[in-house]
Amino acid sequence: MRHLSVPSAQTQTWLDFCKSNSWLQSEAGVLPLDDGRKGIPLLDNAPSTGDSVWKGMPEVIAQGRVKGPSHWTQRLDDELFLQMKGDWPTAFEVQGDIQIVKIEPELQQFETSIAEAMLQQSPNIRLICADEGVQGDFRIRKLRVIQSRDDDESTLTRIKENGYSLWVDPAKVYFSIRLSTQRINTAISATKLSQRLNRGIVVCDPYAGVGPSMGALLTEQGLLAGYHVGDLNPAAVELLEMNVDYLISKSDDSFTPATIRCSDAREWALDDELTESCDLLLVNLPHDSIGHLPELIPLLRKGDITLLRGWAIIEKDEFDSQKQLITKAIENTSAVIESITIEEIKGFSSSKCFACFEVWLTRPI
Ligand SMILES: C[S@@+](CC[C@H](N)C(=O)[O-])C[C@H]1O[C@@H](n2cnc3c(N)ncnc32)[C@H](O)[C@@H]1O
């Protein structure tokens, strides 16, 4: 492709000049050249090299930086695209180098073409998987591999959020990148608790999954004194261990207690090591969080201010009654509530929403 070689500082001037004369190859980008010069991509109708309009600027022929289509469907065969126009998937989720897409039954016959187009469109994606719904208590997604870029069909991958990395495996463990703001809010509330107590705090996260909350908490230097984290899903615990090990290796702090377990959260408070051990309790089992509370509150330390943060799926018109249920579960343990808030995070269905509740409470000695 023809390029006008110009000094870097004059790039914009020449771009505007070529554009205004309809000589700019707009499908291609500006090319970095040697000696700090830039190559302006030219159309074939532009004046030839040496023409006075170029004011002595030389021309180079080089492979153009052609910009690709802006949407993966533009990479489908034209006929195929038109055949199912309007039905192509409009949304997908990315976890690390895995792209997860819901394929409606009428599109399944074209799924290889869809996957190929998506892989071409996104060079950082390695694997395209079909999302076949969430199943069971562990909220695991049934994934079917459609196509891999390099024959590696592993669903283990690494994501980055809020400045830390986490191992995830969308085929084995629940994880939602959409809740990263919740993790930041947890760290903010945890910091307030630590300031009130004037010391590092101990967190219990018994439904930790791969440990995204630990990502947010362990990266705040001096915030955590210790932790008890775990999950009932053994596959989650395996990744949780990898993630916590990694996060700790990046921290200058030391942690006591520091336990990771694979057991039912409702049994944690029966363990002497765990009962009354934590300042901050996270309860993230959205369909059952409120129901599990009576068995979890005894994990909170007695005598000082403590914090409970939980997430629940509730009917939009039942905020008040759910708030009362939380209040009752806490007061039944004789704890005194300082404040309780419950706020909608996002819609879940037409009548239900995903909400976060936060309770500041003190358990009497
Ligand atoms: C909604 S996910 C939350 C995971 C994680 N906190 C996050 O934000 O990504 C709920 C987790 O609880 C785990 N789980 C389900 N029932 C449990 C139980 N009775 N005890 C402990 N963990 C449980 C599931 O395996 C799942 O990883």
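One can find the structure itself at the top, above this paragraph.
Just so it is clear, the model here is predicted, and its values are computed rather than measured. Here the residue index of a chain counts from 1 through its sequence in written order. Two thresholds apply to this predicted model, a pLDDT of at least 70 for residue-level local features and 80 or more for giving and counting side-chain atom pairs, whereas whole-chain, interface and lining totals are computed over all residues.

S.K.: Whenever I open this one, the nonpolar core confuses me. Can you help?
M.R.: One broad trend across soluble globular proteins is that nonpolar side chains are buried collectively. Definition of nonpolar core: a set of buried Ala, Val, Leu, Ile, Met, Phe, Trp, Tyr and Cys residues joined via C-beta atoms within 7 Å. Counting other C-beta atoms within 10 Å of each residue's C-beta, where C-beta atoms are placed from the backbone, gives the exposure class: buried for 20 or more, exposed for 12 or fewer, partly exposed between. With 57 residues, the main nonpolar core has V203, V210, L280, L281 and L299 as its most contacted residues. Secondary structure counts use DSSP, requiring at least four H or I residues in a row for a helix and at least two E residues in a row for a strand, with both numbered from the N terminus. If one sorts the elements of this core by residue count, helix 6 (residues 234-249) sits on top with 5 residues. Among the nonpolar cores identified, the runner-up in size contains 14 residues, and W72, A117, L127 and I146 belong to it.

S.K.: Help me understand the pairing of strand 8 (residues 98-101), please; the structure alone is not making it clear to me.
M.R.: As a general feature of sheets, a regular strand has side chains that alternate between the two faces. The sheet contact formed by strand 7 (residues 92-95) and strand 8 spans 4 bridges and is antiparallel. Bridge pairing in strand 8 links F92 to V101. Where strand 7 folds back on strand 8, the antiparallel hairpin that results is connected by 2 residues, among which G96 adopts a positive phi of roughly 60°. As judged from the 4 bridges shared by strand 8 and strand 9 (residues 127-135), these two strands associate in the parallel manner. Residue pairing in the sheet places V101 in a bridge with A130 of strand 9. A clockwise course of the path from the first strand over the helix to the second, judged with the strands pointing away from the viewer, identifies a crossover as right-handed. Read as a crossover between parallel neighbours, the route from strand 8 over helix 3 (residues 111-121) to strand 9 is right-handed. The pairing criterion for strands is at least two bridges between them, as found by DSSP.

S.K.: Sorry, what's going on with the pairing of strand 15 (residues 258-261) here?
M.R.: Bridge analysis of strand 14 (residues 224-230) against strand 15 gives 4 bridges, and the strand direction is parallel. Pairing of G230 across the sheet is with R261, part of strand 15.

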